[in-house]
Amino acid sequence: MVQERPLPIFQASSPQVTADEGLTIYEDMVLGRYFEDKCAELYQRGKVKGFVHLYNGQEAVCSGVVKAMRSDDYVCSTYRDHVHALSAGVPARAVMAELFGKETGCSKGRGGSMHMFSKEHNMLGGFAFIGEGIPVALGAAFQSRYRRDAMGDASADQVTAAFFGDGTTNNGQFFECLNMAALWKLPILFVVENNKWAIGMSHERAASQPEIYKKASVFGMPGYEVDGMDVLAVRAAAKTAVERARAGEGPTLLECLTYRYRGHSVADPDELRPSEEKQFWRDRDPIKQFEAYLIEQDLANDSDLKAIRDKITNVVEDSLTFAEESPDPDPADLRKYIFAED
């Protein structure tokens, strides 16, 4: 049996987008999907090694949140971080090269799949241990507030988005950081990507209060449950949260109900989740839903969408060629990047 919570959820007065906004969001979602499909293929071919955790199915969450933010805002991820990096503006070439462990990767080949980082794009990193990135995101939000209020920097109004999964919300860092963020009114969005499963543990069996957004009330902050397969619903909720944060009104908790289409990692045979549950969520594919919306609202036609898909296919193939042709890190630089340099 597929047991699901009802899906409704954040109601926005005007969730519509312009044609340009819609096509930008669509391109971002397709880039995430196609990039991850290519990663799966490369892993199976032995080209990409180590742990690889893919994002297929969750694209509406990342695109909905990040594309509601500014390019100078901050993004902090988990070990499922490729797509967050792409949405934050890290070039596909740099992300693919990092997966290959090349010097041209966004983390200079030192991070690999789980540790995407880019100072230039305010991508604060992917983190292998659950909850590890939340305090880092909190620190970024604190420095924005400190620079503005204590140092008088009026331009320091950046907002930080911390992405993490449902399993993380049973860990101490989650509660501690929500408390501090609310206490100091920090400009941060806590984005729970509730894909129902923490590796092989069903969220419904792991949490005494499975409705995560309700935990926000304990700290006196707004908490919203959002349809994480609807990019416009996510975007509307994120825009409201970003506006609050930038205005100095403090943090927001967004629980986005979503689903990963692949196993926990590429190596996971994915035998624990019931097939009817998988089909239920595949029928609500966020990209197909958004395609239908764009066409129904006369914001795009089939040829527009195909042109974007063709463009992204070329972008992904180009990133692969770039990664394969890029140099490996020089063994002489083994100790480089360990400490800050002048």
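In this report, the structure presented in the accompanying data block is examined.

Calculation rules
- Residues numbered from 1 in each chain as written.
- Predicted model: local features only at pLDDT ≥ 70, side-chain atom pairs only at ≥ 80, totals over all residues.
- Heavy atoms only, no water.
- 1 Å grid on protein atoms, 1.4 Å probe; cavity = no way out; pocket = protein on both sides within 12 Å on 5 of 7 lines; lining within 4 Å.
- Points joined across faces, edges and corners; volume = space filled by probe spheres on them.
- Nonpolar A, V, L, I, M, F, W, Y, C, P; charged D, E, K, R; others polar.
- Axes fitted to C-alpha atoms, helices over the stretch in contact; angles between N-to-C directions.
- Helix = DSSP H or I, 4+ residues; strand = E, 2+ residues; numbered from the N terminus.
- Parallel < 35°, antiparallel > 145°, perpendicular 65-115°, else oblique.
- Left-handed = near helix turned anticlockwise from the far one by under 90°.
- Contact = heavy atoms within 4.5 Å.
- Buried < 20%, exposed > 50% of the residue type's maximum accessible area, 1.4 Å probe, protein only.

Before going further, it helps to spend a moment on the layout of surface pockets. One simple way to see leftover space: roll a probe sized like a water molecule over the atoms. Approximately 470 Å³ is the volume found for the largest pocket. For the largest pocket, the lining is made up of 17 residues, of which Cys-106, Ser-107, Lys-108, Phe-117 and Ser-118 are closest to its centre. Counted by class, the lining of the largest pocket contains six nonpolar, seven polar and four charged residues. Size it by volume and the second largest pocket reaches roughly 330 Å³.

For the rest of this paragraph, the subject is the packing of helix α4 (residues 92-99) against helix α11 (residues 302-325). The contact between α4 and α11 brings their axes to 8 Å, and the two run at 45°. Relative to α11, the element α4 is oriented oblique. In terms of crossing hand, the pair formed by α4 and α11 is right-handed. Residue-level contacts link Ala-92, Arg-93, Met-96 and Ala-97 of α4 to Val-315, Asp-318, Ser-319, Leu-320, Phe-322 and Ala-323 of α11. Counted by class, the contact of α4 with α11 contains seven nonpolar, one polar and two charged residues.

To continue, consider unusual backbone geometry. Unusually for a residue other than glycine, Asp-270 sits at a positive phi of about 60°. The topology assignment puts Asp-270 in the loop between β7 (252-257) and α9 (275-282). The phi torsion at Tyr-337 lies on the positive side, around 75°, for a residue other than glycine. With respect to the element layout, Tyr-337 can be found in the segment after α11. Overall, Tyr-337 belongs to the partly exposed group, its relative accessible area being 38%.

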